[in-house]
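The primary structure of each chain is shown beneath.
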Amino acid sequence: MEKKFFTADKERCGDLAAERFFASAGLNREGRKFERMRRDALRMREAIERKLRIRGQYAYYSPEEFHLEQDALTVGGETFRCTAFAQIEPGSMEGLYVYACSVGDYSLPEESALNQVYTDLWGTAWADAVRFLMKEELERHGNLSDSFGPGFYGMGTREIHGISNLLDFDQLGIEVKESGILVPVKSCAGLYFRVNSQYESLDEECAFCQGNQRSCVSCQIYQGLAGK
């Protein structure tokens, strides 16, 4: 097992965050109203950018260091259950990454309700940008699977406790509540398998499913994939 802290290029991260922010906020339109809204949004960016603490870490495990059987992944003394694991071809896996990243606490409680919305959207955009850059770094070493993690593909949110035990969350400034919520809220964590050409991406609809592990049993999408 090898652990490594991740440092994102802040300028590139900021450019990616801006693309994501303006796309999600719908402020790319013309007109005085949107010019004013863009000015307010950019002011919020400057305010939170001074507070950002971008940190990330990932651990790499060779195939000999983890075991996947049906829906159960065991690594480093932790077991993660995810229904979609059963769809992965065992011969496609060449390694495993466990990762986490955060942009820190940047709250601005004194701002107006609209500016609070901008602040939240900026935080999400920065967090997405950091995760994208971390994934980009991992891809330099090989192809990656779909992203697995608490809340996706039927994996329970409390599985985050297992990830926190494999990484140095204290050094990342991340706290895990009993419920599985991360603090700061603009933090994320998950798993990637390093894969070869035998890997087949899972159906995109499963990535955004609002169901749970039990509902997969009767899911037509899942049944179709499992039968491949």
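Participant: How should a negative patch on the surface be read in this particular structure?
Facilitator: A contiguous patch of negative charge on the surface is contributed by Asp9, Glu11, Asp15 and Glu19. With respect to the element layout, Glu11 can be found in helix α1 (residues 10-25).

Participant: Help me understand the packing of aromatic side chains in this model?
Facilitator: Aromatic rings considered in pairs are described by the distance between their centres and by the relative angle of their planes. Inspection of the entire model under this criterion finds eleven aromatic pairs. A ring pair is formed by Phe22 and Trp122, whose centres lie 6.0 Å apart and whose planes are at 85°; its orientation type is edge-to-face. Separated by 100 residues along the polypeptide, Phe22 in helix α1 and Trp122 in helix α3 (residues 113-139) bring together distant segments of the chain. Taking relative accessible area as the criterion, Phe22 reaches 15% and is therefore assigned buried. Assessed through its relative accessible area of 0%, Trp122 is described here as buried. Measuring from ring centre to ring centre gives 5.9 Å for Tyr58 and Tyr97, while their planes differ by 80°; the resulting arrangement is edge-to-face. Here Tyr58, found in strand β2 (residues 55-61), pairs with Tyr97, found in strand β6 (residues 93-102); they are 39 residues apart in sequence, far enough to count as distant. Under the relative-accessibility criterion, Tyr58 is labelled buried at 5%. Among the aromatic residues, those joined into a ring-pair cluster are Phe21, Phe22, Tyr118 and Trp122. The lysine or arginine in question, Arg20, covers the ring of Phe132, its NZ or CZ lying 5.3 Å from the ring centre.

Participant: Help me understand the sheet that holds strand β1 (residues 2-6), please; the structure alone is not making it clear to me.
Facilitator: Neighbouring strands of a sheet are bound in pairs by backbone hydrogen bonds; such pairs are parallel or else antiparallel. Sheet architecture is open: five strands sit in the order β1-β2-β6-β10-β7, paired in antiparallel fashion. This sheet does not close on itself; its edge strands, each paired only once, are β1 and β7 (143-144). Bridge analysis of β6 against strand β10 (residues 187-195) gives nine bridges, and the strand direction is antiparallel. Note on β10: the bridge partner recorded for Leu96 is Phe193. Against the sheet, α3 makes contact with β1, β2, β6, β7 and β10, and its axis sits at roughly 155° relative to β6, the strand it touches most.

Participant: How should I be thinking about the packing of helix α2 (residues 32-49) against α3 in this particular structure?
Facilitator: Each pair of packed helices can be described by the angle between their axes along with the distance between the axes. Where α2 contacts α3, the axes come no closer than 9 Å and their chain directions differ by 60°. By the angle between their axes, α2 is oblique relative to α3. Here the hand of the crossing between α2 and α3 comes out right-handed. Listed contacts from α3 to Met37, Asp40, Ala41, Leu42, Arg43, Met44, Arg45, Ile48 and Glu49 of α2 are Asn115, Tyr118, Thr119, Trp122, Gly123 and Trp126. Partitioned by chemical class, the residues of the contact of α2 with α3 number eight nonpolar, three polar and four charged.

Definitions and limits used
Residues numbered from 1 in each chain as written. Predicted model: local features only at pLDDT ≥ 70, side-chain atom pairs only at ≥ 80, totals over all residues. Heavy atoms only, no water. Patch = residues over 30% accessible without salt bridge, like charges linked within 9 Å, V, L, I, M, F, W, Y side chains within 5 Å. Areas by Shrake-Rupley, 256 points an atom, 1.4 Å probe, with all protein chains shown as cover. Salt bridge = Lys/Arg side-chain N within 4 Å of Asp/Glu carboxyl O. Lys, Arg positive; Asp, Glu negative; His and termini not counted. Charge placed at Lys NZ, Arg CZ, Asp CG, Glu CD. Helix = DSSP H or I, 4+ residues; strand = E, 2+ residues; numbered from the N terminus. Phe/Tyr/Trp six-rings, centres within 6.5 Å; stacked < 30°, edge-to-face > 60°. Buried < 20%, exposed > 50% of the residue type's maximum accessible area, 1.4 Å probe, protein only. Lys NZ or Arg CZ within 6 Å of the ring centre and 35° of its normal. Pairing = 2+ DSSP bridges. Contact = heavy atoms within 4.5 Å. Axes fitted to C-alpha atoms, helices over the stretch in contact; angles between N-to-C directions. Parallel < 35°, antiparallel > 145°, perpendicular 65-115°, else oblique. Left-handed = near helix turned anticlockwise from the far one by under 90°. Nonpolar A, V, L, I, M, F, W, Y, C, P; charged D, E, K, R; others polar.

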